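Chains, contacts and geometry: an overview
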Amino acid sequence: MDYQDIELLRFTTAGSVDDGKSTLIGRLLYDSKSIFQDQLDAVEASSKSKGFDYVDLSLLTDGLKSEREQGITIDVAYRYFATPKRKFIIADTPGHIQYTRNMVTGASTANLAIILVDARKGMLEQTHRHAFIASLLRIPHAIVCVNKMDLVDYSEEVYTKIVADFKAFSSKLDIKDIQFIPISALNGDNVVNRSEHMDWYDGSTLMYHLETVHISSDHNLVDCRFPIQSVIRPHTIEHQDYRGFAGRIDGGVFKPGDKVKSLPSGFVTTIKTIELNGEQIAEAFAPMSVTMTLEDEIDNSRGDMIVRENNVPEVSQDIEVLVSWMSSTPIHARTKVVIKHTTNETVGMVKELKYKIDINTLHRIEGIDKVEMNDIARLSIRTAKPLFFDAYKKNRQTGSIIIIDEQTNETIGAGMIV
Amino acid sequence: MSNYIINHLRELESEAIFVIREIAAQFENPVLLFSGGKDSILLTHLAKKAFFPAKIPFPLIHIDTGHNFPETIAFRDALVEKLGVTLIVGSVQEAIDKGRAKEETGADASRNSLQIVSLLDTLEAHKVDAAMGGARRDEEKARAKERFFSHRDEFGQWDPKNQRPELWNLFNGRKNYGEHFRVFPISNWTEMDVWEYIKLENIDLPSLYFSHQRDCVVRDGVILANSEFIKLKEGEEVVNMTIRYRTCGDMPITGAVASTADDLDKIIEEIATTRTTERGGRADDKRAETAMEDRKKQGYF
């Protein structure tokens, strides 16, 4: 196996217990031989002691004691598997409305979303919700798996109707790439192996799609953004004058010799070197962590951003965000909060609550006086110092914020800059 | 490089370095928990890369149970010397002597749980506000839901049902006085990723990880190294075997695997075809289905 050429794909699965989500994950792990014998033995023993007739693969993913007691997934669980073509990280999240915040969390780092639809039930409210969250978080790719095809006699008609219904709904959303696959997770049809029961379907299997979907352009390679994490100053005799700027590239392609601008100072200089561990890097792009040195001595520090002279982000103390509210304490206008954006941190105040979105119907609810847990709402926020940002649409890293409670220090909201 | 793709190992490396740099920037007294195992050796390597040409800007803490493999201690001391970092050792023996911890009794006695006391005492003595460790989510099911930045209350406890949501690469390390964080920069690595990266970067490891001859005792199907810390039960005998370790904990509880893999290529091949998890040989995880979750809630690594 030539592991040097393998890419990493992060995907999220949203669905309720009845959708067969755990069965699907179990199937992917099992058929890709990522379940170990001792894990299977433990799950078999647990299933047996609970009096189940079959091996409950959901016991593999439901990790915490309280979850196993209640038989539900209450948090984001991360699972890993690999094939000779790719490595995969699954963010497995519960699908009920009260877990919207968990779905948002899992979606925030995903390249791809798997949306499960039960073939017997068709589009449900929760299908709308899952598709909307994938669109809101701008997951670049979505695969709609019409599951339990075995229970509808592998009917093409049933499948075609669900696809049409989904397309009618998703035309209101903004997902670039949607694929549809009829599957049976329980029997393995079209998951890893092609189904023998659906000759009418000539598309690829789920696994083939996961292995081949084009993800290299998921990062922004146009707008150069390098938020500074920290300044490296060795204070050794060998490196007396060394000043390196450490950080992870959030967008664009940087090269030594490039003319760059530092924000907020506005100073223009040239990149001297881009390196990591002393090794020189010819071209650096997202999501690489590097250390940059500059030709001129500029007093940069954590929270500053290095960009191209003729392509700068917005610089403002006023931001408009769509937030996913994550705290049991509601938020009102004039609440003071802490904002984290790239490597920057500042205090801010909620100026106005504009509207909530009913995530089942996509309707706007205007005239609200508070935003509660699991709500999606549009707010305007005024920050104490300027932020350097892009619209979330343009860059998922420089367009996102988290909102922190000043008193409890809890993360209470996730925001996407409009 | 021309098509702007980085492979999975470089992406995981970049993510871990980002997290390590966040720890250094967001906390006043961070430390790296060094067990001498391959994961903490990998973490130390990533920390070196994150700050080069500066030295690693935080100390390493090793909780010495007194039951370590001698190879682990020798390796630790050589690494600390080479990197020029500070080493803090917290001693379980000392905690027992002071009456802070009580030794377990019986043939299966282990000092594994006793580490919690020494660890929390050491963190408190050095006013540590962030302790980073090499735990990975693929190791054990309670860890599958662990955050990168894991908040601990003033008693060092983990509350798994009330974890902070973690979005994008925005890590919230804010805390109240007396609280601290455990941070896991290699959360997203699998055992295979670790070995492939060790090979890619040519990272030195203790000889324990490679096939060697050793006097062993087979107990409940687990191969344990014979040592002064093991009390033989009736019917058990010492056998010389060709083995290696997949993880390195304390001598009396870490199970070896029968293996002839004596270099990285052979180890990677062995792992690719193995059918048991690496913690499958850890007696400490077998005590109950929720053994890891229970220890983590109390403040375990």
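Residues numbered from 1 in each chain as written. Chains lettered and ligands numbered in written order. Predicted model: local features only at pLDDT ≥ 70, side-chain atom pairs only at ≥ 80, totals over all residues.

Glancing now at the overall build of chain B. Counting its regular elements, chain B contains eight helices and 10 strands. Buried residues in chain B amount to 54% of all 301 residues. Taking the intrachain contacts of chain B between residues at least 6 apart in sequence as the baseline, contacts between residues at least 24 apart amount to 75%. (Helix = DSSP H or I, 4+ residues; strand = E, 2+ residues; numbered from the N terminus. Buried ≥ 20, exposed ≤ 12 C-beta atoms within 10 Å, placed from the backbone. Contact = placed C-beta atoms within 7 Å.)

Helix and strand counts for chain A come out as eight helices and 23 strands. Dimensions of chain A, computed from C-alpha atoms along their principal axes, come out at roughly 70 × 60 × 40 Å. In chain A, buried positions account for 48% of the 418 residues. At a minimum sequence separation of 6, the contacts of chain A that also span at least 24 residues come to 70%.

The subject of this paragraph is the interface of chain A and chain B. Every contact between the two is made by 60 residues of chain A and, on the other side, 50 residues of chain B. Counting residues per element, the side of chain A that touches chain B draws most heavily on strand 2 (residues 77-82) of chain A, at five residues. Among the residues making up the side of chain A that touches chain B, the classes are represented as 26 nonpolar, 19 polar and 15 charged. (Nonpolar A, V, L, I, M, F, W, Y, C, P; charged D, E, K, R; others polar.)

Now for the packing of helix 2 (residues 38-51) of chain B against helix 6 (residues 191-201) of chain B. All names here are of chain B. Two elements in contact, helix 2 and helix 6, have axes whose closest approach is 11 Å; the angle formed by their N-to-C orientations is 50 degrees. Taken together, the axis directions place helix 2 and helix 6 in an arrangement best described as oblique. With respect to the hand of their crossing, helix 2 and helix 6 are arranged in left-handed fashion. Counted together, Lys38, Asp39, Leu42 and His45 of helix 2 and Val194, Tyr197, Ile198 and Glu201 of helix 6 form the full contact between these two elements. (Axes fitted to C-alpha atoms, helices over the stretch in contact; angles between N-to-C directions. Parallel < 35°, antiparallel > 145°, perpendicular 65-115°, else oblique. Left-handed = near helix turned anticlockwise from the far one by under 90°.)

Another point: the nonpolar core. Ranked by size, the top nonpolar core spans 164 residues in total, and within it Ala113 and Ile115 of chain A together with Ile20 of chain B carry the most contacts. In this view, Ile115 of chain A contacts Ala14, Thr127, His130, Ala131, Ala134, Ala142 and Val144 of chain A; residues no more than four positions away in its chain are not counted. Residues Phe69, Leu224, Cys248 and Met251 of chain B belong to the second largest nonpolar core, which totals 11 residues. (Core = buried A, V, L, I, M, F, W, Y, C linked by C-beta atoms within 7 Å.)

All right, on to the environment of His45 of chain B then. Residue and element names in this part refer to chain B. When you line up the elements, His45 lands in helix 2. Separated by 153 residues in sequence, His45 and Ile198 place their C-alpha atoms 9.5 Å apart. Those residues in contact with His45, other than ones at most four positions away along the chain, are Glu201 and Ile203.

This is a description of form; function is not addressed.
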